[in-house]
Amino acid sequence: LSDGLVWTYQNFTIRVRAANQASAWVQGALPATVALAEGDTVAIELGPNQPALAHLRRARILESFESLAECLDDLNRSLESDPASLEARRLRASVLDRLGREEEAIRDLERVLDESPDDHNSAEALAWILLTGAQDLREPARAFDLSHAAVAANPASANAQRTYGLACYRTN
């Protein structure tokens, strides 16, 4: 693998390439108390019945390294093992959006919202794509409704406020 990552199926191993890329950016793949130095290796034990979790955790790390194509591969594998994983679907939508595959990202976010209508972070992400995506995908009125709900649920969220502001502008 690129970027110094090593992975085996039952032992999830991370070889860190720089000390400043230790625990915070892995977003839950490692305990927050783990401090790593360059070249260190950490193994996370996962049972053979946890392929979806293994692929999801690895995808988070690959995303932090900006290895988006490899990240997407792991997210697809995670969702093959556990199609109901909203966490994997949310992350895949984000990666697809960053790769310019907005229609696919929209489908994933819509599926997340079908399963979890109160997921205001996904609603905000969907609203943002509907406001800023390709012209043929734009739906300002729908984005307004989604972003209004997101900002009402979490008024302190800068992202929700930004998206709601753009939605207000685009609908007037």
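Conventions and cut-offs
Residues numbered from 1 in each chain as written. Predicted model: local features only at pLDDT ≥ 70, side-chain atom pairs only at ≥ 80, totals over all residues. Heavy atoms only, no water. Axes fitted to C-alpha atoms, helices over the stretch in contact; angles between N-to-C directions. Helix = DSSP H or I, 4+ residues; strand = E, 2+ residues; numbered from the N terminus. Parallel < 35°, antiparallel > 145°, perpendicular 65-115°, else oblique. Left-handed = near helix turned anticlockwise from the far one by under 90°. Contact = heavy atoms within 4.5 Å. Nonpolar A, V, L, I, M, F, W, Y, C, P; charged D, E, K, R; others polar. Salt bridge = Lys/Arg side-chain N within 4 Å of Asp/Glu carboxyl O. Buried < 20%, exposed > 50% of the residue type's maximum accessible area, 1.4 Å probe, protein only. Phe/Tyr/Trp six-rings, centres within 6.5 Å; stacked < 30°, edge-to-face > 60°. pLDDT = per-residue confidence, 0-100. Expected span 1.5 Å × (residues − 1). Core = buried A, V, L, I, M, F, W, Y, C linked by side-chain atoms within 4.5 Å.

## Some points on the packing of helix H1 (residues 51-64) against helix H2 (residues 68-81)
Thinking step 1. Taken N-terminus to C-terminus, the directions of H1 and H2 make an angle of 160 degrees; their axes are 8 Å apart at the nearest point. As far as their axial angle goes, H2 and H1 are roughly antiparallel. Two packed elements cross with a definite hand, and for H1 against H2 that hand is left-handed. Counting all contacts with H1, which are made through Pro 51, Ala 52, His 55, Leu 56, Arg 58, Ala 59, Leu 62 and Glu 63, the residues of H2 involved are Leu 68, Glu 70, Cys 71, Asp 74, Leu 75, Arg 77, Ser 78 and Ser 81.
Thinking step 2. For the contact of H1 with H2, the residue count by class is eight nonpolar, three polar and five charged.

## Comments concerning the pattern of salt bridges
Thinking step 1. Evaluation of the coordinates by the stated rule reveals 12 salt bridges.
Thinking step 2. Between Asp 108 and Arg 89 there is a salt bridge, with the nearest N and O atoms lying 3.1 Å from each other. A residue pair is termed long-range when its members are at least 10 positions apart, and Asp 108 in helix H4 (residues 102-115) and Arg 89 in helix H3 (residues 86-98) qualify at 19 residues.
Thinking step 3. Asp 108 gets classed as buried once you look at its relative accessible area, which sits at 5%.

## Section: the packing of H2 against H3
Thinking step 1. The geometry of H2 relative to H3 is characterised by a closest axis approach of 10 Å and an angle of 150 degrees between their N-to-C directions. Put simply, H2 runs roughly antiparallel to H3. In this structure, H2 meets H3 at a crossing whose hand is left-handed. Residues Leu 68, Cys 71, Leu 72, Leu 75, Asn 76, Ser 78 and Leu 79 of H2 pack against Ala 88, Arg 89, Leu 91, Arg 92, Val 95, Leu 96 and Arg 98 of H3.
Thinking step 2. Among the residues making up the contact of H2 with H3, the classes are represented as nine nonpolar, two polar and three charged.

## Details of the packing of aromatic side chains
Thinking step 1. Tallying each qualifying case throughout the model produces one aromatic pair.
Thinking step 2. Consider the rings of Phe 144 and Tyr 164, whose centres lie 5.6 Å apart with planes at 35 degrees: the pair is tilted. Taken together, the residues Phe 144 in helix H6 (residues 140-153) and Tyr 164 in helix H7 (residues 158-171) connect sequence positions 20 residues apart.
Thinking step 3. Given a relative accessible area of 23%, Phe 144 falls into the partly exposed group.

## A few points about the confidence of the model for the protein
Thinking step 1. When the pLDDT values of the protein are averaged, the result is 79; 72% of them are 70 or greater.
Thinking step 2. Here strand E1 (residues 11-15) stands out as the least confident element of the protein, with mean pLDDT 43; H4 is the most confident, with 98.
Thinking step 3. Taken together, the stretch residues 1-45 has pLDDT below 50 and engages in 92 contacts with residues farther than four places along the chain or on a different chain.

## Describing H3
Side chains that are three or four residues apart share a direction in an α-helix, a result of its 3.6 residues per turn.
Thinking step 1. With 13 residues, H3 ought to run about 18 Å at 1.5 Å a step, and its terminal C-alpha atoms sit 18 Å apart, in line with that.
Thinking step 2. What H3 keeps buried is the set Leu 86, Ala 88, Arg 89, Leu 91, Arg 92, Ala 93, Val 95 and Leu 96.
Thinking step 3. Just past H3, the residue Gly 100 takes up positive phi, approximately 80 degrees.

## Concerning the nonpolar core
Nonpolar side chains in soluble globular proteins generally cluster together in the buried interior.
Thinking step 1. In terms of nonpolar packing, the biggest core is built from 28 residues, with Leu 75, Val 95, Leu 126 and Leu 146 touching the most fellow members.
Thinking step 2. A per-element tally of this core places helix H5 (residues 120-132) first, with six residues.
Thinking step 3. The contacts of Leu 126, once residues within four sequence positions are left out, are Ile 106, Leu 109, Glu 110, Leu 113, Arg 142 and Leu 146.

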